[in-house]
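# Coordinate inspection notes
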Amino acid sequence: MAEEEDEAGFDDDMDDGAGGADGNHGKRKRLFSKELRCMMYGFGDDQNPYTESVDILEDLVIEFVTEMTHKAMSIGRQGRVQVEDIVFLIRKDPRKFARVKDLLTMNEELKRARKAFDEANYGS
Amino acid sequence: MADPARIKTESNSEQSLAAGESPKTEDTEEVPVTSADTESKDTSSQSIIHENKQDSVAEDEGTAGHPASKKLKVEPEKKKDRRQKVDEDEIQKMQVLVSSFSEEQLNRYEMYRRSAFPKAAIKRLIQSITGSSVSQNVVIAMSGISKVFAGEIVEEALDVCEKWGDMPPLQPKHMREAEEQRADPQYKAQEHSLPLSHTCLADYRRTEPSWDVFHLSDSGNLHTTLSCSFSLF
């Protein structure tokens, strides 16, 4: 019967083209296990997600970051990753674009607030 | 605007967190009182960002006197006020919503807001690829969009799980199906829970079928030439 084995075979064939079959990442130490568990619960999964699912998600995230980094290195200033490159790369994805704008804006606000706070302290 | 997240509980599901929620990023642990100030500033700067396309008029509060610049000054401020009011409404609605959460929903919401990728690990990962150091903003941006990415996958996998009639926790097959659907939106595979008949071949649907070569073997079984082959009997 065509079930998980066939799906797994099919996936591996497709994933190989994407440059990073699960075999490679299996040797790497798990970087995000704890955080990903909390994240999956927050996004709607069960309170105790399956370890295999967490592993698959970690591999996907690492692949995403790797791909982004490679693309960012190839545009703008070569060999370096800059924020403008990242913003350019996700311009078509409204969610991610809005999120990055929000995060960077908030970071500026916080830096300004901290600086003002420190200066006030220093003055007094 | 910011991440619409679906929080799935037993019976409820809600959508669309407001942009005003973004102040509570990984860095902030402030009490709501202080974040209210930054929120209003945030909305004003947000309104500037979002008005980039329409009116490229910057806020020149420094210019004096000219009627033209006064008129230009009034319009973005009106829009800013309207935008602030809309955001404040959204913030208020969010507060009403969160105050009516059950215990489990509150837990899940807290996990959703507080979970984040460790900046050190992300930085190490990026630097191992580039070979040179990256700025802090890059790490912040990358962690943020990675979290959105993870959220998209989990939401898609939950949809797949529901469509296939399974229950959470999510299984690897749901995650893989979600990733496939993300990569190729036209592709829809269905789980074979029924005994295979020749009509089930239509389950693997694409916009243009790229396989239409079937051969009947001697025994009368029907085989496809796909990499995932299965036999009908």
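Residues numbered from 1 in each chain as written. Chains lettered and ligands numbered in written order. Predicted model: local features only at pLDDT ≥ 70, side-chain atom pairs only at ≥ 80, totals over all residues. Heavy atoms only, no water.

## Quick look at the overall build of chain B
A tally of regular secondary structure across chain B gives six helices and four strands. Secondary structure elements of chain B occur, N-terminal to C-terminal, as β-β-α-α-α-α-α-α-β-β. With 233 residues in all, chain B has 41% of them scored as buried. Long-range pairs, those at least 24 residues apart, make up 41% of the contacts in chain B with a sequence separation of at least 6. Accessible surface, chain B as shown: approximately 13,300 Å² in total, 52% of it carbon and sulfur. (Helix = DSSP H or I, 4+ residues; strand = E, 2+ residues; numbered from the N terminus. Buried < 20%, exposed > 50% of the residue type's maximum accessible area, 1.4 Å probe, protein only. Contact = heavy atoms within 4.5 Å. Areas by Shrake-Rupley, 256 points an atom, 1.4 Å probe, with all protein chains shown as cover.)

## Notes on the packing of aromatic side chains
Two measures describe an aromatic ring pair: the distance that separates the ring centres and the angle between the ring planes. Using the criterion set out here, one finds five aromatic pairs over all chains in the structure. For the ring pair Phe-101 of chain B and Tyr-109 of chain B, a centre distance of 5.7 Å and an interplane angle of 70 degrees mean the geometry is edge-to-face. Like Phe-101 of chain B, the residue Tyr-109 of chain B is buried in the burial classification. Joined through ring pairs, the aromatic side chains of Phe-43 of chain A together with Phe-101, Tyr-109 and Tyr-112 of chain B make up one cluster. The ring of Phe-88 of chain A carries Arg-91 of chain A above its face, with NZ or CZ at 4.0 Å from the centroid. Note that Lys-147 of chain B overlies the ring of Tyr-112 of chain B, its terminal NZ or CZ placed 5.3 Å from the centroid. (Phe/Tyr/Trp six-rings, centres within 6.5 Å; stacked < 30°, edge-to-face > 60°. Lys NZ or Arg CZ within 6 Å of the ring centre and 35° of its normal.)

## Digging into unusual backbone geometry
The peptide bond linking Pro-168 of chain B to Pro-169 of chain B adopts the cis configuration, its omega dihedral lying at 10 degrees. With respect to the helices and strands, the residue Pro-169 of chain B is situated in the loop between helix 5 (136–163) and helix 6 (172–183).

## Section: the packing of helix 3 (residues 33–43) of chain A against helix 3 (residues 103–114) of chain B
The angle between the axes and the distance between the axes are what describe a pair of packed helices. Here helix 3 of chain A crosses helix 3 of chain B at 130 degrees, and the two axes come no closer than 7 Å. Comparing their axes, helix 3 of chain B and helix 3 of chain A come out oblique. Considering only the axes of helix 3 of chain A and helix 3 of chain B, their crossing is left-handed. Contacts from Cys-38, Tyr-41, Gly-42 and Phe-43 of chain A in helix 3 of chain A reach Glu-104, Asn-107, Arg-108, Met-111 and Tyr-112 of chain B in helix 3 of chain B. For the contact of helix 3 of chain A with helix 3 of chain B, a count of residues per class yields five nonpolar, two polar and two charged. (Axes fitted to C-alpha atoms, helices over the stretch in contact; angles between N-to-C directions. Parallel < 35°, antiparallel > 145°, perpendicular 65-115°, else oblique. Left-handed = near helix turned anticlockwise from the far one by under 90°. Nonpolar A, V, L, I, M, F, W, Y, C, P; charged D, E, K, R; others polar.)

## Structural notes on helix 6 of chain B
Residue and element names in this part refer to chain B. In this model, helix 6 (12 residues) spans 17 Å end to end at C-alpha, consistent with the 16 Å of a helix rising 1.5 Å per residue. Most of helix 6 sits out of view: nine of its 12 residues are buried. Among the residues of helix 6, those classed as buried are Pro-172, Lys-173, His-174, Met-175, Glu-177, Ala-178, Glu-179, Glu-180 and Gln-181. (Expected span 1.5 Å × (residues − 1).)

## Remarks on the confidence of the model for chain A
Residues and elements named next belong to chain A. Taken residue by residue, chain A gives an average pLDDT of 81. The fraction at 70 or more is 77%. At the level of individual helices and strands, chain A shows its lowest average pLDDT in helix 1 (residues 4–18), which scores 45, and its highest in helix 3, which scores 94. Across residues 1–23, where pLDDT falls below 50, the model places 26 contacts with residues more than four positions away in sequence or in other chains. (pLDDT = per-residue confidence, 0-100.)

## A closer look at the nonpolar core
Ranked by size, the top nonpolar core spans 48 residues in total, and within it Phe-32 and Leu-57 of chain A together with Met-142, Leu-170 and Met-175 of chain B carry the most contacts. Among the elements of the structure, helix 3, helix 4 (51–74), helix 5 (83–89) and helix 6 (94–123) of chain A together with helix 3, helix 4 (119–130), helix 5 and helix 6 of chain B are those that each provide at least two residues to this core. Per-element accounting of this core gives the leading share, 12 residues, to helix 5 of chain B. Sequence-distant contacts of Met-142 of chain B, defined by excluding residues within four places in its chain, comprise Val-65, Met-68, Thr-69 and Ile-86 of chain A together with Ile-122 and Ile-126 of chain B. (Core = buried A, V, L, I, M, F, W, Y, C linked by side-chain atoms within 4.5 Å.)

## As for the pattern of salt bridges
One pass over the structure, following the stated rule, counts 13 salt bridges over all chains. With a shortest N-O distance of 2.7 Å, Lys-96 of chain A and Asp-93 of chain A are connected by a salt bridge. Assessed through its relative accessible area of 3%, Lys-96 of chain A is described here as buried. For Asp-93 of chain A, a relative accessible area of 22% gives the class partly exposed. Ionic pairing is found between Glu-104 of chain B and Arg-108 of chain B, a salt bridge with its closest N-O pair at 3.0 Å. Of the two residues, Glu-104 of chain B and Arg-108 of chain B are both situated in helix 3; the distance of four residues between them amounts to about one turn of the helix. You can call Glu-104 of chain B partly exposed: its relative accessible area is 25%. In this structure Arg-108 of chain B comes out as buried when scored by relative accessible area, which is 6%. Salt bridges sharing common partners tie together Asp-93, Arg-95 and Lys-96 of chain A together with Glu-152 and Glu-155 of chain B. (Salt bridge = Lys/Arg side-chain N within 4 Å of Asp/Glu carboxyl O.)

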